[in-house]
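Fold and contact review
Listed here are the chains, written in short residue letters.
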Amino acid sequence: MHCLVPKVLLANNQLSERAGSELYVCELAESLARRGVDVAVFALFPGALAEAFSTRTGLPVYGPQQLEELMRWAPDIIHSHHVTTFHLLGDLFPGVPRVHGILGLVPDLEQLPVNLAEASRVLAVSERDRDVIRARAPDLEVEVVRNWFDDRELRLAARMAPASNACHRLLGVSSHHAPERDAALDTLAAEGLVSWERAGAGAVPREITGAYLAEVDLVMSIGRTVLLAGAVGVPCIVADQHVSDGLLSAEVVDELAYHNFTGRARRLALTAEHLRAEIERSSRLDRDALSRRIRAGYSLSARSLHFLNVYEEVLAGWNRNETQLAPRRGEGMVYRDMAIHIAQLEAMMQSYRNSMSWRITAPMRKARAMARRWLSRSPGRHTAAQQQSH
């Protein structure tokens, strides 16, 4: 007999940096917790993001070395992402129902687990992914639960749209370097049409919030950032590092949602000519209509309520005593061991880098200290050195 509000374990392969699936899991966990759900998070590769998230929210984040603690926490239901966590948590909790979410089928980690039929519910983030999954596994029931924007403390952008030929402040939100995309933007910057910067992994270390996006004239990104920009009324070019779907508007939301706002619906080349046309068109965008459309259908609060209903439906139909448990395949524990070994290797490499840095910089620090002592003991020389330096 389960309580009305279950204990939910959300799982992702990694929680190391502010990227797509990592933020998806963190935002969902926090939203469920605000609804009173007892939530924990598991990652094979926890990192800086996991530590910051747990410190800020107070929610537990377990790694591969805390499996005994996780088993004591004892989830009622598991919501996993990535093939690695599906196998590991299936091995660890053979009698616990699982929901598995697929956030895209391009990365290897997002490929279908061979025993995906063990999941009580399979969720896809777009109709395109659902159709591909059905083609590969015709017997699977797949539900589409689209992406979201974080609707906490959301305010509409107050900035007026710049004239079509004015300089637009553009923010590219991407974790990927893309020479052709960046060259196209540099061409437009040289023309005075844009000034731009990139935020994301390896770039500006900034949390992507609605308030942050509202400070710029234009955004270029994919996924949830597209929805957040639309919700606050900031024009957004839907483009990854290779291809573009052009400017988001209320009229094309459903078309682009089929591919999860990835730039792969129209697959237009990211040239300076294409970007110039979309930037000039952004000045005529009906921002209010776009904001209303996104807010009506894509809020995180609505999605977390839907997930909670899914969990309760699964638990209501789950009878552990009648469930036929499949033989464990063993991949899960292999993934755990690999993650632990990789973490140990990374710690050893960091220790080596620190040691090498000390060996290189220690003589320089020693020489600087000797020079300071020499100058402090020789006032005349100190003054002369100062005069020469000026």
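Attention in this report is confined to the structure presented alongside it.

The rules behind each value
- Residues numbered from 1 in each chain as written.
- Predicted model: local features only at pLDDT ≥ 70, side-chain atom pairs only at ≥ 80, totals over all residues.
- Heavy atoms only, no water.
- Helix = DSSP H or I, 4+ residues; strand = E, 2+ residues; numbered from the N terminus.
- Buried < 20%, exposed > 50% of the residue type's maximum accessible area, 1.4 Å probe, protein only.
- Areas by Shrake-Rupley, 256 points an atom, 1.4 Å probe, with all protein chains shown as cover.
- Core = buried A, V, L, I, M, F, W, Y, C linked by side-chain atoms within 4.5 Å.
- Contact = heavy atoms within 4.5 Å.

What follows deals with the overall build of the protein chain. Helices and strands together make up the secondary structure of the protein chain, namely 14 helices and 13 strands. Each of the 390 residues in the protein chain was classed as buried or not, and the buried ones make up 47%. Accessible surface, the protein chain as shown: approximately 19500 Å² in total, 53% of it carbon and sulfur.

Moving on, we come to the nonpolar core. Considering soluble globular proteins, one finds that nonpolar side chains tend to be buried as a cluster. Formed by 43 residues in total, the largest nonpolar core has its most connected members in Leu248 and Phe261. In terms of residues, this core owes the most to one element, helix 8 (residues 224–232), which gives six residues. Aside from chain neighbours lying at most four places away, what touches phenylalanine 261 is Ile222, Gly223, Val226, Leu227, Val238, Leu248, Val253, Leu256 and Tyr298. Counting 32 residues, the second largest nonpolar core, distinct from the first, contains Leu23, Leu49, Ile77 and Val145.

Our next topic: helix 8. Among the nine residues in helix 8, nine count as buried, and that is most of the element. Within helix 8, burial applies to Arg224, Thr225, Val226, Leu227, Leu228, Ala229, Gly230, Ala231 and Val232. Structurally, helix 8 contributes buried residues whose contacts are with helix 1 (20–34), strand 8 (168–173), helix 7 (210–213), strand 10 (218–221), strand 11 (236–239) and helix 11 (287–297). Positive phi appears at glycine 233, one or two residues downstream of helix 8, with a value of about 80°.

Its identity is not glycine, yet histidine 82 carries a phi of approximately 85°, on the positive side. Looking at the element boundaries, histidine 82 is found in the loop between strand 4 (77–81) and helix 4 (83–92). By relative accessible area, which is 4% here, histidine 82 ends up buried. Phi at phenylalanine 261 is positive, roughly 55°, even though this residue is not glycine.

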